[in-house]
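Coordinates in review
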Amino acid sequence: MSKPKVFLTQLIQDTGMSLLEGHVDYTLWSIDGKPDPEAVLRDIPLAEGLIMTMGIRMDRDFFQKAAKLKVASLYSVGYDNVDIKAATEFGIMVTNTPGVLTDATADTAMMLMLMSARKARENERIMREGGWTHWSPNQFVGKDLSSSVLGIVGFGEIGRAVAKRALAFGMKILYTGRTRKAEYEEKLCAEYVTLEALLERSDFVSLNCALTKETAGLIAERELRMMKKDAVLINTARGAVVDQKALFRACSEGWICGAGLDVYEKEPVPMDEPLLKLENVVMMPHIGSAAVRSREGMARLAAVNLIEALEGRIPPNLVNPEVLKRI
Ligand code: NAP
């Protein structure tokens, strides 16, 4: 019996590739490790299943061309690059990889927070340039995490994992989101507030919401001006949650103290991006989930979701369950 035809944008970890063996007939859509958009356009009518890493937008036009497609298995928890309504209309299952990358992404938020608080970039540069000539009570001094207020925007899996870590650092936790999560408040000593109150009261603001129509541009000039002048903005969610031009002004004109970023409006970040010039902005190349066990978990889940869907079972991480009424 012939196996279902599957395409992958990039090679994923063996934990996923080995599961595919025997179940599907797969082809890689990449050249030198980079996804090849031309191959995607050429082959999409043949695909019954997809494993999609980052970077390719799946809109109505994409799904219209994918006549045989049953499942688009995402190698990510975020699915803001997918038109879920269109996928559902075309009877295509969309799956993601929640949970397995929660801790690694929360660790990344803490790393950005610590690096920003303790001026890691500036202090390291000064030391490498020979500026550490004597110990001084006032040189290299940053901000304390302990007793600072952390405001978390989006109290989902990652937002709560950040809260858990911040609690261990002695921080006071505020959160906001579209739904109050009273069941976690006592355990995480977290107080539910409006976005405005959170921005006004927080020393650190961590963005952990999904990117949706409602959260696109959520943090723009008005919101940045509401933050404390010595506050730091951390973004491990999605770049488009923040107006990046406004953030540049905020960090260069002193509306806020600085930022720690893992995600950007445009990725990879172009070398003429003005934020690259600012020393009070710590920038990482979208490494939230880039830890061995997390990536192995993502590969495994992406493969399991794909195989379950192609073999007629309900995949464990179905993003659009309403599609089941259409297939
Ligand atoms: P999750 O558990 O689904 O949490 C997403 C949270 O966003 C939910 O609490 C949701 O609220 C909230 N939200 C949705 N719309 C909102 C709005 N209008 N205002 C405020 N909050 C809103 O997902 P997760 O695993 O924590 O992941 C969160 C996001 O992190 C992902 O969507 C992804 O974009 C990003 N991420 C980035 C990396 C990275 O490498 N930097 C890695 C993993 C994930 P409800 O509780 O009401 O649904």
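Because the structure is predicted, anything quoted here is derived from the model rather than measured. (Residues numbered from 1 in each chain as written. Predicted model: local features only at pLDDT ≥ 70, side-chain atom pairs only at ≥ 80, totals over all residues. Heavy atoms only, no water.)

Another point: the domain arrangement of the chain. By the assigned domains, the chain splits into domain 1 (5-98 + 292-325) and domain 2 (102-283). The gap between the C-alpha centroids of domain 1 and domain 2 is 32 Å. (Domains from an automatic or database assignment.)

Attention shifts here to a nonpolar patch on the surface. A cluster of nonpolar side chains, Ile314, Leu324 and Ile327, forms an exposed patch at the surface whose accessible area comes to about 290 Å². Following the sequence through the fold, Leu324 ends up in the segment after helix H12 (292-310). (Patch = residues over 30% accessible without salt bridge, like charges linked within 9 Å, V, L, I, M, F, W, Y side chains within 5 Å. Areas by Shrake-Rupley, 256 points an atom, 1.4 Å probe, with all protein chains shown as cover. Salt bridge = Lys/Arg side-chain N within 4 Å of Asp/Glu carboxyl O. Helix = DSSP H or I, 4+ residues; strand = E, 2+ residues; numbered from the N terminus.)

Inspection of every chain in the model, using the stated rule, returns one cavity of 30 Å³ or more. Asn235, Gly239, Val242, Gln244, Leu247, Leu261, Val263, Tyr264 and Leu275 are the residues that line the largest cavity. (1 Å grid on protein atoms, 1.4 Å probe; cavity = no way out; pocket = protein on both sides within 12 Å on 5 of 7 lines; lining within 4 Å. Points joined across faces, edges and corners; volume = space filled by probe spheres on them.)

Looking now at the environment of Ala259. Position of Ala259 relative to the elements: it lies in strand E13 (residues 258-261). For Ala259, a relative accessible area of 0% gives the class buried. Expressed as a C-alpha distance, the spacing of Ala259 and Gly170, which sit 89 residues apart in the sequence, is 21 Å. In this view, Ala259 contacts Ser116, Val232, Leu233, Leu247, Cys251, Asn280, Val281 and Val282; residues no more than four positions away in its chain are not counted. (Buried < 20%, exposed > 50% of the residue type's maximum accessible area, 1.4 Å probe, protein only. Contact = heavy atoms within 4.5 Å.)

Once that is clear, we can look at the pairing of strand E1 (residues 5-8). Where a strand is regular, its side chains alternate between the two sheet faces. Examined bridge by bridge, E1 and strand E2 (residues 25-28) share four bridges and lie parallel to one another. Across the sheet, the residue bridging to Leu8 is Leu28, located in E2. The β-α-β motif built from E1, the intervening helix H1 (residues 14-20) and the parallel element E2 has right-handed crossover chirality. Direction of pairing for E1 relative to strand E5 (residues 49-52): parallel, over a ladder of three bridges. Directly across from Phe7, in E5, lies its bridge partner Leu50. (Pairing = 2+ DSSP bridges. Right-handed = clockwise from strand over helix to strand, strands pointing away.)

By the definition in use, this model includes four aromatic pairs. On the basis of an interplanar angle of 15 degrees and a centroid distance of 4.8 Å, the ring pair of Phe7 and Trp29 is categorised as stacked. Linking Phe7 in strand E1 with Trp29 in the loop between E2 and strand E3 (30-31), this pair joins segments that are 22 residues apart in sequence. Each member of the pair, Phe7 as well as Trp29, carries the same accessibility label: buried. The interplanar angle of 50 degrees and the centroid separation of 5.1 Å between the aromatic rings of Tyr175 and Tyr192 together place this pair among those described as tilted. Within this pair, whereas Tyr175 is found in strand E9 (residues 172-176), its partner Tyr192 is found in strand E10 (residues 190-192), the two being separated by 17 residues in sequence. A residue is classified by how much of its surface remains accessible, and Tyr192, at 29% relative accessible area, is partly exposed. (Phe/Tyr/Trp six-rings, centres within 6.5 Å; stacked < 30°, edge-to-face > 60°.)

The tally for this structure, following the rule as stated, stands at 25 salt bridges. The partner of Glu191 in a salt bridge is Arg201, with the nearest N and O atoms 3.1 Å apart. Taken together, the positions of Glu191 in strand E10 and Arg201 in helix H9 (residues 195-201) put the pair 10 residues apart, joining distant regions of the chain. For Glu191, a relative accessible area of 29% corresponds to the partly exposed category. Taking relative accessible area as the criterion, Arg201 reaches 35% and is therefore assigned partly exposed. A single salt-bridge network, built from bridges that share partners, covers Glu221, Arg225, Arg249 and Glu253.

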